[in-house]
Structure formats: structure tokens, C-alpha cells
Amino acid sequence: MSLKLGDKVPDFVADSSEGPIKFYEYIDNSWAILFSHPNDFTPVCTTELGAVGKLMPEFEKRGIKVLALSCDEAERHKAWIEDIESFSEGKGKVTYPILADPEREVAVKYGMLDPDEKDKAGMSVTARAVFVIGPDKRLKLSILYPATTGRNFSEILRVIDSLQLTANYSVATPVDWKHGEDCMIVPSIPNHTANELFPKGFRTVPLPSGKEYVRLTPQPNLP
Ligand code: BEZ
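Owing to the predicted nature of the structure, the values given are computational and were not obtained by experimental measurement.

Caption draft 1: Looking closely at the domain arrangement of the chain. Domain annotation of the chain identifies domain 1 (13–151) and domain 2 (169–223). Computed from C-alpha atoms alone, the centre-to-centre distance between domain 1 and domain 2 is 36 Å.

Caption draft 2: Molecular detail of the site of the ligand. Lining the immediate surroundings of the ligand are Pro-38, Thr-42, Pro-43, Val-44, Cys-45, Glu-117, Arg-128 and Ala-147. Within the backbone of Pro-43, an N or O atom sits 3.3 Å from an oxygen atom of the ligand. Cys-45 places a polar main-chain atom, nitrogen or oxygen, 3.0 Å from an oxygen atom of the ligand. Across the complex, the protein chains shield 82% of the 270 Å² of accessible surface that the ligand would expose by itself. Class assignment of the residues belonging to the shell around the ligand gives a composition of five nonpolar, one polar and two charged.

Caption draft 3: Highlighting the environment of Cys-71. Among the structural elements, Cys-71 can be located in the loop between β4 (64–70) and α3 (74–87). Look at Cys-71 and you get buried, because its relative accessible area is 1%.

Caption draft 4: Quick peek at the packing of helix α2 (residues 43–61) against α3. The interhelical angle for the contact between α2 and α3, taken along N-to-C directions, is 70°, at an axis separation of 9 Å. As summarised for this structure, α2 and α3 are arranged roughly perpendicular, according to the angle between their axes. For the pair formed by α2 and α3, the contact residues are Cys-45, Thr-46, Thr-47, Leu-49 and Gly-50 on the first element and Trp-80, Ile-84 and Phe-87 on the second. Among the residues forming the contact of α2 with α3, the class breakdown is five nonpolar, three polar and no charged.

Caption draft 5: Quick peek at the UniProt feature "active site" (unreviewed entry) in the chain. Here, UniProt's "active site" (unreviewed entry) annotation points to Cys-45. Residue position: Cys-45 is located in helix α2. For Cys-45, a relative accessible area of 1% translates into the label buried. For Cys-45, the contacting residues outside a window of four places in its chain are His-37, Pro-38, Asn-39, Trp-80 and Arg-128.

Caption draft 6: Region of interest: the sheet that holds strand β11 (residues 183–185). Overall, antiparallel pairing links the four strands, which are arranged β10-β11-β13-β12 in an open sheet. Bordering the open sheet on either side are β10 (171–172) and β12 (203–204), each of which pairs with just one other strand. In this sheet, strand β13 (residues 215–217) lies alongside β12 in antiparallel orientation, the contact comprising two bridges. In the sheet register, Thr-204 faces β13, and the bridge partner there is Arg-215.

Caption draft 7: Main features of the packing of aromatic side chains. Within this structure, the stated rule accounts for eight aromatic pairs. With centroids separated by 4.6 Å and ring planes inclined at 15°, the aromatic side chains of Phe-12 and Phe-23 adopt a geometry described as stacked. Here Phe-23 lies in helix α1 (residues 23–27) and Phe-12 lies in the segment before β1 (13–14), a separation of eleven residues in the sequence. Phe-23 matches Phe-12 in its accessibility class, with the two residues each being buried. Seen in terms of ring centroids, Phe-12 and Tyr-110 are 6.0 Å apart; in terms of plane orientation they differ by 85°. Their pairing is edge-to-face. Linking Phe-12 in the segment before β1 with Tyr-110 in helix α4 (residues 105–110), this pair joins segments that are 98 residues apart in sequence. Here the two residues Phe-12 and Tyr-110 agree in accessibility, since each one is buried.

About the cut-offs
Residues numbered from 1 in each chain as written. Predicted model: local features only at pLDDT ≥ 70, side-chain atom pairs only at ≥ 80, totals over all residues. Heavy atoms only, no water. Domains from an automatic or database assignment. Near = heavy atom within 4 Å. Polar contact = N/O pair within 3.5 Å; in protein donor to acceptor, adjacent residues only side chain to side chain. Areas by Shrake-Rupley, 256 points an atom, 1.4 Å probe, with all protein chains shown as cover. Nonpolar A, V, L, I, M, F, W, Y, C, P; charged D, E, K, R; others polar. Helix = DSSP H or I, 4+ residues; strand = E, 2+ residues; numbered from the N terminus. Buried < 20%, exposed > 50% of the residue type's maximum accessible area, 1.4 Å probe, protein only. Axes fitted to C-alpha atoms, helices over the stretch in contact; angles between N-to-C directions. Parallel < 35°, antiparallel > 145°, perpendicular 65-115°, else oblique. Contact = heavy atoms within 4.5 Å. UniProt positions renumbered as here; feature names shortened; annotations may be inferred. Pairing = 2+ DSSP bridges. Phe/Tyr/Trp six-rings, centres within 6.5 Å; stacked < 30°, edge-to-face > 60°.

Below, the structure is given as C-alpha cells:
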């Protein structure tokens, strides 16, 4: 199955490094991130999980429930966590669960498998998938990286800032936008409505076409 933006994400029950998890119950009414790894005791995954450990205060600040997945069994995850924390010199504590998916049940539901990447038993393993899920349990963003390319979780936090902002305000965020920078009013909002929606005002950037579609406004959810 491949999930499309806006789809309700599938529920599941799976074992994890912190015991069995009922997904919908676990995420409750929060935003959530579910991201997958090919296998335990692999080098790139070890760096990624430590990096997420270091960034946990940032995920918590944004109200994001964090959930990793790797195809191996939960007991193996627990042994691997020791390596991850040692590799990150204690700074990347794995304070979030790693789901176990030895039968690939979750991976199939979410379309995470990489048909070209196999484990020692010849079974397909998960690619580096990222799903950001809203409080309505609908898919807000998905990214898929191959096993050979580690992700940039600071970029994922930046994207979450944009998703959480644009879920509540009629703005979009421009290239390389970061929290605190100006946003763009979405094209469907006419100027007279923009005046009401954006009390801090907006400025229209003059363009050769004469069309007034680039309208910048201060980030609306800041004081
Ligand atoms: C890794 O995590 O280093 C990795 C896993 C599977 C294939 C390639 C790299």
C-alpha cells in the first residue's frame, strides 16, 4: 500500500523496545512522527537514532510523539540501544520506542519496504521512510530515503514547524524558511481577506508580470 497525503494512516499493534504499542492509543490526539530503519546494528541507523535522541527536547517542544521502526525483534533493539547511546557518547539517549516488525506487517501497511535491500535471510527490509501524522491521524508529510543515505532530522524539525504553522494559518513557507521568518499568504486568499486575517500586515513584492502573488507577512503565530 502506498499512503497519500491526507490519507488516514493505518492503526497497528506491535512490540517495541518499550513493550507492546497500540499505535492510535500511543499517539492519542498528538502530532506524531514514525520513521523506519533497515536493520539493527547497522552504521547509518546508529547515527540517526542517536541524533533523534539528542533532538528529543525539540520534538517534545512541538508536541510530537516519536516512534522509530526497525525490522528486527524488540530484544535485539534493546541490545542495539546500548550501542547507539555509546556511539553518541551518552548525548543521544533513546527515550522513544523502536518498533519491532520482523514479519514486516507495519512495513507493508505503510509501504516502507525497499525491494532492493535485503537482510541476511533474503527478506526485504524497510527503507528510511518518514511519516509525519497530524492529530487527526492523517498523513501530513512523507519522505522516502534509500538505506544508503542518512536523513537530516534538523530538516525534519524545520518541516514540522511549517506543517504545524500552515495547519492553522492561511500561509505557506518559502524556500529554506525557518521558524521566525516571514511567511507567504496563500494565493487563494484575496487582499481584502488578507487584511483581516493578518493584523500585522503584509507587503506585496512587485514583479515584472504585474501580478500580485508574492505577499509576505510576519509569522502569524508569534507575538
Ligand atoms: C546502515 O544503516 O548503515 C545501512 C543499512 C542497510 C544498508 C546500507 C546501510
